[in-house]
Amino acid sequence: MVRQAHHNIVTLSLSKGDVWKRLLPSNSVDLNPMAILKNIKDLNLQKIREAKLYRRFASLKTSIVLLGILVGFYILGTIFPQGGELEEYIEAGGRFASLVVFFNLLNIFTTPGFLITALLLFINLFICTIERLFVLLNQGIAKTEDLQFIPTHIFPLEINPHLEDALEGVREVFKKDLGFREQSSDPEMLDIGTDTKIIEKGWSYKWLTWIYHLSILFCFLGFFLTYLFSFEDEITLRPGEETIIKPAAISRWNRSWGRKPRELNFRLALQEFITEYNQLPALDYPGDKLSRLAVGMGWRDPKYLLKNESYFPKDWKSRLKVINLSPKSVIGEGNQAVLEKTIEVNDPLFYQGVTFYQAAYKQNLKIQVDDNPILLETETGKELIVPGIEGTFIFGTIRTGALFKRDGTIEKIRPFADVSFIKKDSAGKSEIEKLGKLEQDGSLVVDSRRISLKEFKEASILSYRYDPGVPILWWSGVFVLLAMSLRVFGAWYRIIYRIEERKGIPHLLLKIRIKGLMADEERLIHRLKYSLRKMTEPIDLDTPV
């Protein structure tokens, strides 16, 4: 057994030596790294490209399959609310809770299936880009058949060869009249002759291909930056309040290294919270079936009413101020306002890579019962228990701010809220009774008790997000769509032509190749014939030149 082991070691050593001999140049005994890398490339690159797995990843069919799988993930991510809690999903009426938990459908973009698919697509596009690079680099060595000159159109040029240079005249037509540009050519490689010219017009497919593939690679770079470094959180600000931004969330990268959230080096102040409403009429829907049918068939015009429900939310805005803090400053020292902006739902605030969105707002109100000096505080939309009254109150959204009326005028709203009263009957069922509108400093009487709205406060709820991948995704996505559009809808022409003498008359021989939906060969031929007719107009030899 010892002898056998010794034999195996000697065999292994010899096999390694053979490998190194093959890697090293035959006329060199030095371990030249560049020579070794060159031999590795010559020895293994072609074998790798011919491997079945590599060819599968270099296939367009693989790209389509992976993109289809990602589309499925995106559809699921649209159906199921991402980033939410399971309890909130179930309370909102969400179904298939067991499947949601099993497949983690509320965080589907962080699941292994999505990440693995995205990684495979990245590898697929990377290999496709490498293969395209080989094609572009080898175009000067292995030209395709479309560059071989087999003329498809022949035009006689009826000009006086003693007075006109046919080749120069045709070149001017292509360059000035038709907007073509000349391409450098190697006659030995193309086998088309020294007197044959190649001209092109339109966007180069080579550069569009480069832009398209590189943009997709940058898209995936943006995805990974978003996955590793992004985080989001929200804050609640009241008018006149300032706060330092200290996210409770943390990026995956920092979490993996055990880092804790850090305060941002600026403060945010809410100077004013603005609410606006439109005055919209409510449809007075008929109660009986025949009247509803008449309205639905157009036999009767619908009627509208203006009532409390006509206050339709138009917009809510937050006027924010950013206060920058230098590294050595503390709150109250060295503060400097660097930016002010009024944000709304579709117009966020950007500062130092952080984006602040207007997400929602919050309202608190204080209620007085009779003349009791102790006020009861509650939040709109939540139940309030008033001592001495059997049941609970619910105060709706406080309407305040500006009202944009139908006649074009703007009116300041006197703050009010719609009040409902919930009371249980003897069977334990809840009955909801609408009490009406409660204005500020106004009152409603319930069970001989006077309920008054004394004051209210509003707060703006801001959602903020740090995502370094967004600019890369935005610009790379634009370039992907632009390059794809130019490739599909653009127009690209290549013409190979030469001038030949046939029976004493110069002839234009050419071959045309086009790409793109906007490319029109017939129109190009029509324009070329028109320009050639102008060039070959008869010349009066008696006229002095």
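Along each chain, residue indices are assigned from 1 in the same order as the chain's sequence is written. Given that this is a predicted model, residues contribute local features only at a pLDDT of at least 70 and side-chain atom pairs are listed and counted only at 80 or more, while totals for whole chains, interfaces and linings are drawn from all residues. Derived side-chain values reflect all non-hydrogen atoms in the structure, with water molecules and hydrogen atoms excluded from consideration.

Undergrad: Teacher, can you tell me more about the overall build of the protein chain here?
TA: Where helices and strands are cited, they refer to DSSP runs of H or I of at least four residues and of E of at least two residues respectively, numbered from the N terminus. Per the secondary structure count, the protein chain includes 14 helices and 22 strands. Only protein chains enter the area calculation, which uses a 1.4 Å probe; residues under 20% of their type maximum are buried, those over 50% are exposed, and those in between are partly exposed. Buried residues in the protein chain amount to 32% of all 545 residues. Contact criterion: two residues are considered in contact whenever any of their non-hydrogen atoms come within 4.5 Å of each other. Across the protein chain, the fraction of contacts at a sequence separation of at least 24, relative to all contacts at a separation of at least 6, is 63%.

Undergrad: Explain the pattern of salt bridges here, please?
TA: Note on pairing: side chains with opposite charge can pair once their charged atoms come close. When a carboxyl oxygen of Asp or Glu is within 4 Å of a side-chain nitrogen of Lys or Arg, the pair counts as a salt bridge. According to the stated counting rule, one finds 20 salt bridges in the structure shown. A salt bridge links E232 to R465; the shortest N-O distance between them is 3.4 Å. Taken together, the residues span a long stretch of sequence, with E232 in strand 4 (residues 231–237) and R465 in strand 20 (residues 449–466) at a distance of 233 residues. The shortest N-O distance in the salt bridge between R449 and D370 comes to 2.9 Å. With R449 in strand 20 and D370 in the loop between strand 12 (354–369) and strand 13 (376–379), this residue pair connects regions lying 79 residues apart in the sequence.

Undergrad: Help me out: how do you make sense of helix 10 (residues 205–229) in this one?
TA: Since the α-helix packs 3.6 residues into each turn, any two residues three or four apart lie on the same face. A helix is expected to span 1.5 Å for every residue after the first. Helix length check: helix 10 (25 residues) gives 36 Å between terminal C-alpha atoms against 36 Å at 1.5 Å per residue, within 8%. Buried residues of helix 10: Y205, L208, T209, H213, S215, I216, L217, C219, F220, G222 and T226, and no others.

Undergrad: Where do I start with the packing of aromatic side chains in this structure?
TA: Each aromatic ring pair is specified by the distance between its two centres and by the angle formed by the two planes. Any Phe, Tyr or Trp ring, taking Trp's six-membered ring, that has another such ring centre within 6.5 Å forms a pair; planes under 30 degrees apart are called stacked, those over 60 apart edge-to-face, and the others tilted. Scanning the model with the defined rule gives 24 aromatic pairs in all. Seen in terms of ring centroids, Y311 and F416 are 5.5 Å apart; in terms of plane orientation they differ by 75 degrees. Their pairing is edge-to-face. You can see Y311 sitting in strand 9 (residues 311–325) and its partner F416 sitting in strand 17 (residues 410–424), a full 105 residues away along the chain. The pair formed by Y311 and F416 is uniform in burial state, with each residue classed as buried. Grouped by ring-pair contacts, the aromatic residues F73, Y74, F109 and F114 constitute a single cluster. Above the face of the F404 ring, K314 is positioned so that its terminal group lies 4.7 Å from the ring centre. The rule for a charge over a ring is simple: NZ of Lys or CZ of Arg within 6 Å of the ring centre, and within 35 degrees of the ring normal. Between the NZ or CZ atom of K515 and the centre of the ring of W492, over which it lies, the distance is 5.4 Å.

Undergrad: I keep staring at a negative patch on the surface and nothing clicks. Help me out?
TA: Each patch is assembled from residues with relative accessible area greater than 30% and no salt bridge, linking like charges that lie within 9 Å and nonpolar side chains (Val, Leu, Ile, Met, Phe, Trp, Tyr) that lie within 5 Å. Accessibility throughout is a Shrake-Rupley quantity obtained with a 1.4 Å probe, and a residue counts as covered only by protein chains that appear here. Counted as positive: Lys and Arg. Counted as negative: Asp and Glu. His and the chain ends are not counted at all. To locate a charge, take atom NZ for lysine, CZ for arginine, CG for aspartate or CD for glutamate. On the surface, a cluster of negative charge is made up of E85, E87, E88 and E91. Along the chain, E91 turns up in helix 5 (residues 86–91). Since its relative accessible area comes to 70%, E91 is described here as exposed.

Undergrad: Please clarify how the layout of surface pockets should be interpreted in this entry.
TA: Sizing a probe to match a water molecule and rolling it over the atoms shows the empty space that remains. The pocket and cavity definitions rest on a 1 Å grid over protein atoms only: a 1.4 Å probe that fits but cannot leave marks a cavity, an open set with protein on both sides within 12 Å along at least five of seven lines marks a pocket, and residues lining either have an atom within 4 Å of a point. Grid points are joined across faces, edges and corners, and a volume is the space filled by probe spheres set on the points. Reported here for the largest pocket is a volume of approximately 880 Å³. Taken together, 30 residues line the largest pocket, and the ones lying closest to its centre are F109, T110, S230, R252 and R465. Those elements giving two or more residues to the lining of the largest pocket turn out to be helix 5, helix 7 (112–137), helix 10, strand 4 and helix 11 (252–256). It is helix 10 that provides the largest number of residues to the lining of the largest pocket, a total of five residues. When residue character is reported, Ala, Val, Leu, Ile, Met, Phe, Trp, Tyr, Cys and Pro are called nonpolar, Asp, Glu, Lys and Arg charged, and the others, Gly included, polar. Grouping the amino acids of the lining of the largest pocket by side-chain chemistry returns 16 nonpolar, eight polar and six charged.

Undergrad: What's the story with the sheet that holds strand 1 (residues 153–156) in this structure? I'm lost.
TA: What links the strands of a sheet is backbone hydrogen bonding, and the strands pair in either a parallel or an antiparallel sense. Two strands are said to pair when DSSP picks up at least two bridges between them. Taken together, the five strands give an open sheet; going across it, the order is 1-22-21-3-2, and neighbouring strands pair in antiparallel fashion. Bordering the open sheet on either side are strand 1 and strand 2 (181–183), each of which pairs with just one other strand. For this sheet, the mean angle separating the axes of adjacent strands, direction not counted, is 30 degrees. Sheet analysis places strand 21 (residues 492–502) next to strand 22 (residues 505–515), joined by 11 bridges and oriented antiparallel. Each residue of the ladder has a partner; that of E500, found in strand 22, is H507. Convention adopted: a line fitted to C-alpha atoms gives each axis, helices being fitted over their contacting stretch, and angles between N-to-C directions are expressed from 0 to 180 degrees. Against the sheet, helix 8 (residues 166–177) engages strand 2, strand 3 (197–202), strand 21 and strand 22, with an angle of about 160 degrees to strand 21. Packed onto the sheet, helix 14 (residues 521–535) meets strand 1, strand 3, strand 21 and strand 22 and runs at close to 155 degrees relative to strand 22.

By themselves these figures say nothing about function.
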